[in-house]
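Summary of structural features
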Amino acid sequence: MKLNLSAKSAWWTPDIPKSPLMRRRMLWAYAFISLPILALLVFLLGPILFSGWVSLHRWDMLSPVGEMPWRGLSNYVFLLTKDSVFGKALGNTFLFAIGGVGANTILGLGFALLLNSPIRGRRVWRVLYFMPVITAPLALAVMFSFIFDRNFGVVNSVITSLGLPRQPFLSAPSQSLLTLIFIAVYQYIGYYIVIFLAGLQGIPQDYYDAAQVDGAGRRQEFRFITLPLLKPVMLFVVVTNTIGALQVFDLVFATTGGAPANSSMTVVLHMYNTAFKFSRMGRASAMAFILFGIILLITVIQVRLLRDRAYQD
Amino acid sequence: MFCLRKPLVCLLLISLLCGLAGAGLAQDDITLTMLTHWGTEDQLAAQQVIIDAYMEANPGVNIELVTVDFGELRTKIITGRTAGISADVYHFYHLWLPDFVNAGVLAEPTQDDLSYIDENVAQGTIDAVSTSDGQIWGYPTEVNPYLLVYNKRLLAEAGYDAPPSTWDELKEIAEAITQVDDTGAISQLGLGVMAGWDSGIVHPFSALLFSNGGSYLSEDRSVAEFNSPQGIETLQLYADLVASGGTDPSISGLGDFPSGAVGMVIMAPWWRATLRAAEGIDFDTEVGVAEIPVGPSGDAPSSIAYTWLFAVDSNSPNKAAAWDFIHWMNAEHEEGQGSAIGDFLVNALGAIPSFDHDQAAYADSMSDHYVSAFVAASAYAHPEQIVAGGQEIKTLLQVEIEAVMAGMTTPEEALASVAAQADAILEEQRMMAEE
C-alpha cells in the first residue's frame, strides 16, 4: 500500500490498487489494523469515558449501571475537602515521587558515568545493576520485607553490629515511606542507568577531545558538554519516572499495605481500597481523574522546563 | 495450506466446528460454582470430598470449587458480578451482608430453607445472617468468638501459673514475658497484635471493649459507640501496652505465636489447625485459652463473635439447585449425625458450627481444651453488628488503633475522628436506603 503524499489536501487518501490480488491484500491490511484500533476504543477510550461517567455517580459495582444514583461533583468535593486519607495519600505519593525521581536521576547518572568509564568488570556491573529491573516487583517486595524486618532483618543485624541503634523501617510511620523509596530506587535504578548510559555513549568523543585541547578539566567537561547534551535523556528519565512514581501500587500493596496508620498509603492503593474494599467506585474513579490531572500538569511543566532548556543549550 | 489460500472459508469452518462442539457439550447437566476462602491444601481436599459425595448422590449436577484468599474474597465477588461471571454459591463474611443485600446480589432462600435454619440454629446466630428487617439470607456456618489464647510455657517462665483476668494483670504479664536483647531486638513478646489486618486489629479491640462494658455501635446501629469512655480506656490499654513493651506492632501475633515467640494473643477458634501443626508450641500441653480479661469499667468477661454464611447469587440460573446443594451440605444426613460442613468446620478448621445438630454430633470433637472454651464463649459473646458500610468503618478504626500504637495520636482524638466518619457513613447509608 502506498500513500499519495504529494497531494497535501488528501494526504490520507490511499491509492486504490486495481488488481484483485492487491485489493484483497489491502482488505486484509485494513482488517488487521482495525483490530488494534477496535481494541484501543473498547479497552482504553471506553473505560476512560465510563470511568469519568462513574465518577459523577455513587456506584458499588454490584448494582446495575443504569441504577447508579447521580452525585454530580460531590465525589470530587469529598476527596478534596473531607477525605483525610486521600490528602495523606497524595502527600505520601508526592514525597515518594520526589524522593524516587531525585535519587534515580542523580544516582542513575552517577552510576552511568562510572560504568561509562574504563573500569574493570564493566559488563558485570551493568548486569548486576540491571538485575532488579527484571525481577518480579512482588518478589522484591517480599524479600525486602524480610531484609528490613525490625527484629530479624539483615539490615538491622548489620546496623547493630556497628553499634548503631536498631531501626523499625517498614513498621514505623516515620520510616516506612523512606524505606519504600529506597526499595523502589533499588528496583528501578538499573533501568535509568541504562538510559543514561545510552545517552552518554551518544555524545561524540570529538567534543571532549576539543575541550581537552582547550584545557578543560573533567568537571568542566561534565558541566559544559555532558550535562547539556544529556538534557533530552534527562527529560525522558524525569518524566517517565515521575509518572511511574505517582502511580505506585504493587510495592506498597505487597510490603506495608499502606500501614502503619496510613503512613505509607499512596493514591492508587487508596483508590484500590476505596473501589474494591469499600465498594465506592464513583469516588475511586474521581480519584483516578484527579491523579490523572495532577500527572498531566506535572508532566507538562516538566516537559516545558526541561525541553526549553535543552533547546536553549 | 488450505487455510493460507482460503482464510475466510477456513475461519468459517473453525467457527462452525466450535459451535458444534459447544452444542455437543450442552447437555442437561447443571454446573454450580462455589466460591469460598478455604484454600489450603487440606481444606481443598476436605471440601472436594463433600463435593464428590454430593455429585455422586445427585447425578447431573457438577460442582466447581473456586477458592481465593480471604483478603481477595470481597473483590472476587464484586468483580465477578461486574464481569457477569459470578459464582452460584458464595461463602462470605457476614459483615458484607447488608452491602450485598442492598445491591441485590443475593437470592432469597426458599421457604423450606428458611424454616430449616429457623428450627436448627440459635437466634443470635440467625440474627447474624439476617438484615434488620429480619430476612434470613443464607445458611450460617462458623461462629467465631474471640478469647485470649496464651502460651503456658512462656507464662510459667515469667512466673505466672494462670492467665490474666483483668487488664492490670494483662499489662503486668505482657511486660514480664517480653524479652529484648542488648541490640534492641524483641526475642519474645507479651501480647501479640495483628497490625495491617482490619479483623486482626478490630476484633480483639472489640473483645476488650465489650469486656470493659462498652459497645461498638448503638443498638439500632445508627451511630458509633466505640468512642465512649469505655472505648477510650480500651485504646489507652493498647497505648499502655506499647509504652511498657508488653506489645509491639512490628511483631505479628498471627505468625509468631505459633512459633513460640509470643505469650498471648486474642484470637478465634479457627486457628486450631495452625496451632496443632505449629512447631514452636505444643498444642496439647502449651496452648491455653482464657476469657478476655475484664477492664476497669467492666464487670464480667465478654467478647465479640463473627459469622460466615452460605448464600446464592441472585443471577444464578440454577438457584433451586444451589439452595439444594447448600441444604445438603448443612443438613444432618441421618438422625444424630452431623452435616458435611459441620464435620469440615469442626475437624478441619476447629471452628464452631452454627447448626444445633452439628454442635451435638461433634460435641466430642469440640470438647478439647481449646475449642471447648470457645464454645462456652459463644453463649455470651456479642455478635458483630452488621451494617451497610461496616467494612469501611472497620478499616477506619483499624488505622486509628494503629496510629495510637505508633504514638501518632491519642485515644480520644483517634476514636472521635473515626466515630465522626462512621456516623457520616451510617447516615449516608440510611439516606441511600431511603432513596
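Note that the coordinates shown come from a computational prediction; the quantities given were computed from them, not determined experimentally. (Residues numbered from 1 in each chain as written. Chains lettered and ligands numbered in written order. Predicted model: local features only at pLDDT ≥ 70, side-chain atom pairs only at ≥ 80, totals over all residues.)

Quick look at the interface of chain A and chain B
Taken together, the contacts link 23 residues of chain A with 28 residues of chain B. Its residues assigned to classes, the side of chain A that touches chain B shows 12 nonpolar, seven polar and four charged. (Contact = placed C-beta atoms within 7 Å. Nonpolar A, V, L, I, M, F, W, Y, C, P; charged D, E, K, R; others polar.)

A few points about helix 7 (residues 176-201) of chain A
Along its 26 residues, helix 7 of chain A runs 37 Å from first to last C-alpha, staying within 8% of the 38 Å computed at 1.5 Å per residue. Where helix 7 of chain A bends most, at A:Tyr188, the angle is about 45 degrees. (Helix = DSSP H or I, 4+ residues; strand = E, 2+ residues; numbered from the N terminus. Expected span 1.5 Å × (residues − 1). Bend = angle between axes of the 7 residues up to and from the residue.)

A closer look at the pairing of strand 5 (residues 147-151) of chain B
All names here are of chain B. The element strand 5 is extensively covered by neighbouring structure, given that five of its five residues are classed as buried. Bridge count between strand 5 and strand 9 (residues 262-267): four bridges; the pairing is antiparallel. Across the sheet, residue Leu148 finds its bridge partner in strand 9, namely Ile266. Both strand 5 and strand 10 (residues 287-290) contribute to a ladder of four bridges, which runs antiparallel. The residue of strand 10 that forms the bridge with Asn151 is Val287. (Buried ≥ 20, exposed ≤ 12 C-beta atoms within 10 Å, placed from the backbone. Pairing = 2+ DSSP bridges.)

Some thoughts on the environment of B:Tyr306
Residues and elements named next belong to chain B. If you trace the backbone, Tyr306 turns up in strand 11 (residues 304-312). Residue class for Tyr306 comes out buried when judged on the 21 C-beta atoms lying within 10 Å of it. Distance from Tyr306 to Ile386, taken between C-alpha atoms, is 9.4 Å for residues 80 residues apart in sequence. Not counting residues within four places of it along the chain, the set of residues in contact with Tyr306 comprises His94, Asn144, His203 and Glu384.

A few points about the domain arrangement of chain B
All names here are of chain B. The domain architecture assigned to chain B consists of domain 1 (30-144 + 306-381) and domain 2 (147-302 + 388-434). On the side of domain 2, 16 residues touch domain 1, which itself brings 21 residues to the contact. Mapped by element, the contributors of at least two residues to the side of domain 1 that touches domain 2 are helix 5 (97-102), strand 4 (139-145), helix 16 (340-349) and helix 18 (371-378). Per element, the largest residue contribution to the side of domain 1 that touches domain 2 is four residues, and it comes from helix 18. In terms of residue class, the side of domain 1 that touches domain 2 is made up of 15 nonpolar, four polar and two charged. (Domains from an automatic or database assignment.)

Details of unusual backbone geometry
All names here are of chain A. For the peptide bond that leads from Ala259 to Pro260, omega is -10 degrees, which places it in the cis range. Among the structural elements, Pro260 can be located in the loop between helix 11 (250-255) and helix 12 (267-277). The backbone of Met61 sits at a positive phi, close to 70 degrees, despite the residue not being glycine. Here Met61 lies in the loop between helix 1 (20-54) and helix 2 (74-81). At Ala261, a position not held by glycine, the phi torsion is positive, near 55 degrees. With respect to the helices, strands and loops of the structure, Ala261 is situated in the loop between helix 11 and helix 12. Judged by local crowding, Ala261 falls into the buried class, with 25 C-beta atoms found within 10 Å.

Focus: the domain arrangement of chain A
All names here are of chain A. Along its sequence, chain A is carved into domain 1 (16-67) and domain 2 (74-312). Each of domain 1 and domain 2 has a C-alpha centre, and the two are 34 Å apart. Contacts between the two partners involve 10 residues from domain 1, matched on the other side by eight residues from domain 2. Along the lines of polarity and charge, the residues of the side of domain 1 that touches domain 2 split into four nonpolar, four polar and two charged.

Thoughts on the packing of helix 3 (residues 84-116) of chain A against helix 10 (residues 231-246) of chain A
Pairs of packed helices are described in terms of their axes, by the angle between the two and the distance that separates them. Residues and elements named next belong to chain A. Interaxial distance between helix 3 and helix 10 falls to 9 Å at its minimum, and their mutual angle equals 150 degrees. Regarding the angle of helix 3 to helix 10, the classification is roughly antiparallel. The way helix 3 lies across helix 10 gives a crossing that is right-handed. Taken together, the residues of helix 10 that come into contact with helix 3 (itself represented by Thr93, Phe96, Ala97, Gly100, Val101, Asn104, Thr105 and Gly108) are Met234, Val237, Val238, Asn241, Thr242, Ala245 and Leu246. (Axes fitted to C-alpha atoms, helices over the stretch in contact; angles between N-to-C directions. Parallel < 35°, antiparallel > 145°, perpendicular 65-115°, else oblique. Left-handed = near helix turned anticlockwise from the far one by under 90°.)

Brief notes about the packing of helix 3 of chain A against helix 7 of chain A
Residue and element names in this part refer to chain A. Two elements in contact, helix 3 and helix 7, have axes whose closest approach is 6 Å; the angle formed by their N-to-C orientations is 40 degrees. As judged from the angle between their axes, helix 3 and helix 7 are oblique. Regarding helix 3 and helix 7, the two cross each other, and that crossing is right-handed. Of the residues assigned to the contact of helix 3 with helix 7, the class counts are 21 nonpolar, seven polar and no charged.

Things to note about the environment of B:Tyr90
Residue and element names in this part refer to chain B. As for its placement among the helices and strands, Tyr90 is situated in strand 3 (residues 89-93). A count of 28 C-beta atoms within 10 Å places Tyr90 in the buried class. Those residues in contact with Tyr90 that sit more than four places away from it in its chain are Leu35, Ile77, Ala311 and Asp313.

Re the pairing of strand 8 (residues 247-252) of chain B
All names here are of chain B. In terms of burial, strand 8 is a largely internal element, five of the six residues being buried. The sheet contact formed by strand 7 (residues 186-193) and strand 8 spans two bridges and is parallel. Along strand 8, the bridge assignment pairs Val193 with Ser252.

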